[in-house]
Amino acid sequence: MAYMKQDHLKALGPFFDTSPFVYITQRFKNGFDGDLQRRLMEPETEEEAERRKELAKKHGKYGNEVEELVSRTKIGNELAYEVRWAGLDDPKQNTVEKISKLKMMGLEK
């Protein structure tokens, strides 16, 4: 039996009246797991948000936090995301960061 996080109703609730096909189609509509990407970006607590700010000062581009994960790719065998940095509006400032660096910055679930 698969383990489901206790707040699974938050993710599955909107899809109770639909088919599994609709759920999978919506969750993976951009070619990757949108729910996972959302969980990576949204801190669960205030403490986690503060921790991310501190880690961003050390590891973020020019000390900025991750604003958005724009797209996903693979570098070798490791996942990587195109990152839009907070305060850097020019798309040329986006960088591709490996998931290991994002985890080091506190973006993990």
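Residues numbered from 1 in each chain as written. Predicted model: local features only at pLDDT ≥ 70, side-chain atom pairs only at ≥ 80, totals over all residues. Heavy atoms only, no water.

(A) Representation of the overall build of the protein chain. Per the secondary structure count, the protein chain includes 5 helices and 3 strands. The buried share among the 109 residues of the protein chain stands at 26%. Summarising the internal contacts of the protein chain: among those between residues at least 6 apart in sequence, 40% fall at separations of at least 24. A total accessible area of about 7700 Å² is found for the protein chain, and carbon and sulfur atoms account for 54% of it. (Helix = DSSP H or I, 4+ residues; strand = E, 2+ residues; numbered from the N terminus. Buried < 20%, exposed > 50% of the residue type's maximum accessible area, 1.4 Å probe, protein only. Contact = heavy atoms within 4.5 Å. Areas by Shrake-Rupley, 256 points an atom, 1.4 Å probe, with all protein chains shown as cover.)

(B) Highlighting the nonpolar core. Grouped together as the largest cluster of nonpolar side chains are 12 residues: Leu40, Ala56, Val66, Leu69, Tyr81, Val83, Trp85, Leu88, Ile99, Leu102, Met105 and Leu107. Secondary structure elements with two or more residues in this core: strand S1 (66-75), strand S2 (78-85) and helix H5 (99-104). In terms of residue count, the dominant contributor to this core is S2 (3 residues). (Core = buried A, V, L, I, M, F, W, Y, C linked by side-chain atoms within 4.5 Å.)

(C) Region of interest: the confidence of the model for the protein chain. With 90% of its residues at a pLDDT of 70 or more, the protein chain shows a mean pLDDT of 84. The least confident element of the protein chain, judged by mean pLDDT, is helix H1 (residues 8-12) at 69; the most confident is strand S3 (residues 95-98) at 95. (pLDDT = per-residue confidence, 0-100.)

(D) Here's a closer look at the pairing of S3. On S3, burial follows the alternation: Thr95 and Glu97 on one face are buried, whereas Val96 and Lys98 on the facing-out side are not. Here S2 pairs with S3 via 4 bridges, running antiparallel. Directly across from Val83, in S3, lies its bridge partner Thr95. (Pairing = 2+ DSSP bridges.)

(E) Expanded view of the pattern of salt bridges. What the rule picks out here adds up to 5 salt bridges. Notably, a salt bridge pairs Glu48 with Arg52, separated by 2.9 Å at the nearest N-O pair. Note that Glu48 and Arg52 are positioned in helix H4 (residues 46-59) at a spacing of 4 residues, about one turn of the helix. Of the two residues, Glu48 and Arg52, neither departs from the other in class, the shared state being buried. Between Glu97 and Lys101 there is a salt bridge, with the nearest N and O atoms lying 3.5 Å from each other. Taking relative accessible area as the criterion, Glu97 reaches 12% and is therefore assigned buried. (Salt bridge = Lys/Arg side-chain N within 4 Å of Asp/Glu carboxyl O.)

(F) Structural detail: the layout of surface pockets. One number sums up the size of the second largest pocket: a volume of about 240 Å³. Gln26, Arg27, Lys29, Gly34 and Asp35 are the residues nearest the centre of the second largest pocket, which is lined by 13 residues in total. Secondary-structure elements contributing two or more residues to the lining of the second largest pocket are H1, helix H2 (20-27) and helix H3 (34-41). If you tally residues by element for the lining of the second largest pocket, the top one is H3, at 4 residues. Of the residues belonging to the lining of the second largest pocket, the class tally is 4 nonpolar, 4 polar and 5 charged. (1 Å grid on protein atoms, 1.4 Å probe; cavity = no way out; pocket = protein on both sides within 12 Å on 5 of 7 lines; lining within 4 Å. Points joined across faces, edges and corners; volume = space filled by probe spheres on them. Nonpolar A, V, L, I, M, F, W, Y, C, P; charged D, E, K, R; others polar.)

(G) Representation of the environment of Ile75 within the structure. Tracing the chain through its elements places Ile75 in strand S1. Along the backbone, Ile75 and Glu97 are 22 residues apart, and their C-alpha atoms lie at a distance of 9.3 Å. Leave out the neighbours within four places in its chain, and Ile75 touches Ala80, Val96 and Lys98.

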